[in-house]
Amino acid sequence: MKHPDFTDKHESLMEKNLTPDLFTQLQDVVTKNGFTLHDVINSGLINPDSNIGVYAGDTESYQCFAPLFNPIISQYHGFDENTLHTTNLNPADIDANDPDPTNKYIVSTRIRVGRNLADMPLGPAITKSQRHDVEARTVAALAKMSGSLSGHYYALAGMSDEVKTQLVNDHFLFKAGDRFFEAAGLNRDWPAGRGIYHNIDKTFLVWVNEEDQLRIISMQAGGNIQQVFARLTTALAELEQYLSFAFTPHLGYISSCPTNLGTAMRASVHIKLPCLGNNMAKFKAITEAHHVQIRGIHGEHSESEGHIYDISNRRRLGVTEVECVQDLYQGVVALIAEEQLLE
Ligand code: ADP
Ligand code: CIR
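Residues numbered from 1 in each chain as written. Chains lettered and ligands numbered in written order. Predicted model: local features only at pLDDT ≥ 70, side-chain atom pairs only at ≥ 80, totals over all residues. Heavy atoms only, no water.

Undergrad: Pulling in residues and values, what's your account of the sheet that holds strand E2 (residues 151-155)?
TA: The strands making up a sheet associate through hydrogen bonds between their backbones, and the pairing can be parallel or antiparallel. The 8 strands are arranged E2-E3-E4-E5-E1-E8-E10-E9 in an open sheet whose pairing can be described as antiparallel. Only two strands of the sheet have a single partner each, and these edge strands are E2 and strand E9 (292-295). Direction aside, the axes of adjacent strands within the sheet are offset by 20 degrees on average. Where strand E3 (residues 195-199) and strand E4 (residues 204-208) come together, 4 bridges link them in antiparallel fashion. Residue pairing for E4: Tyr197 is matched across the bridge by Val206. Along the sheet face, helix H6 (residues 128-142) touches E2, E3, E4 and strand E5 (214-221) and points at about 165 degrees away from the line of E4. Sheet strands touched by helix H9 (residues 225-239): strand E1 (106-115), E4, E5 and strand E8 (265-272). Its angle to E5, the strand with the most contacts, is close to 150 degrees. (Pairing = 2+ DSSP bridges. Helix = DSSP H or I, 4+ residues; strand = E, 2+ residues; numbered from the N terminus. Axes fitted to C-alpha atoms, helices over the stretch in contact; angles between N-to-C directions. Contact = heavy atoms within 4.5 Å.)

Rendered as structure tokens:
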């Protein structure tokens, strides 16, 4: 393999950081799960429009390929390499009264974290049988969830297309992996080992073997951020009695995409902002000032519909879970205030 011939269209953090010298330094490095530099950068190479362009195959990837990952991690999260990541999952520390009690703007609130089992390779390097093992261990742990968190697991392989489409359209289930996942190796053996657990109300959900082995989700209609966070932390505490998750003191919870390291938390609202939607420059200035990100209504790489946007915290590493939620809250308060000025 030679240093890639990046085109004008390549604009990812990978392309910016992978100099010919760094390429030479890392080109023969292999992790104990067989993950190589080619595996790390393939998604960004095949997809020139990637923002980030790298994935990890295991926790060790972050150490073996640190000269490439570290600057990308710093540039994305604004995280100083010498800092230790800290966790705070205490709902009592959240100061986020419903920013829209009459539900004029906020349609729904969702908070998810990514988790991976400590003794397994990550999705881009995991084998089919390891993926089934992850599924079996996760389903066994979920079977012990109590009270309103108890529910059922549905394997993707056994699900009718009709049910699947409905769950995806209702924002509960992940879509089939896209071209970024494909090039990262995340779509291998699809749909084996993938599935979704949810409670009866679909307010607590767990995705199994998507981009991360577990995506643990709390969601509900309206803007009660505090309640959504509290449900998530209760569920996490229960699950941690049965499952041990990959974590390092420097990088926090380990995820396959470096944007999810640390808290691995994305706290979002679906919010109607027609005036700001017609004034994207102002919209983006507010989101950037408040460390929040705009996505479309069907998740990453999708478009908005009817001026409903997905607004979520951008930073996940070097900030606590409570701070991620406060970022969302401050951003939403500022956006609603501006929308009201423009109405
Ligand atoms: P992730 O949140 O796991 O990073 P996506 O951005 O692809 O992944 O979103 C996953 C799904 O969650 C999508 O269907 C998206 O519309 C839905 N979703 C995200 N935020 C909310 C929200 N606040 N309310 C309802 N659905 C949401
Ligand atoms: C990319 O590099 O663009 C994709 N692999 C997704 C990266 C994470 N998402 C994001 O920054 N919005």
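Undergrad: Provide a residue-level description of the pattern of salt bridges, including the pertinent values.
TA: According to the stated counting rule, one finds 15 salt bridges in the structure shown. Put simply, Arg179 and Asp49 hold a salt bridge, and the shortest N to O gap is 2.7 Å. You can see Arg179 sitting in helix H8 (residues 179-184) and its partner Asp49 sitting in the loop between helix H3 (37-46) and helix H4 (59-64), a full 130 residues away along the chain. On the accessibility criterion, Asp49 (36% relative accessible area) is partly exposed. A salt bridge links Arg215 to Asp212; its shortest N-O distance comes to 3.0 Å. Judged by relative accessible area, Asp212 falls into the buried class, the value being 1%. (Salt bridge = Lys/Arg side-chain N within 4 Å of Asp/Glu carboxyl O. Buried < 20%, exposed > 50% of the residue type's maximum accessible area, 1.4 Å probe, protein only.)

None of the figures reported here should be taken as evidence of function without further support.
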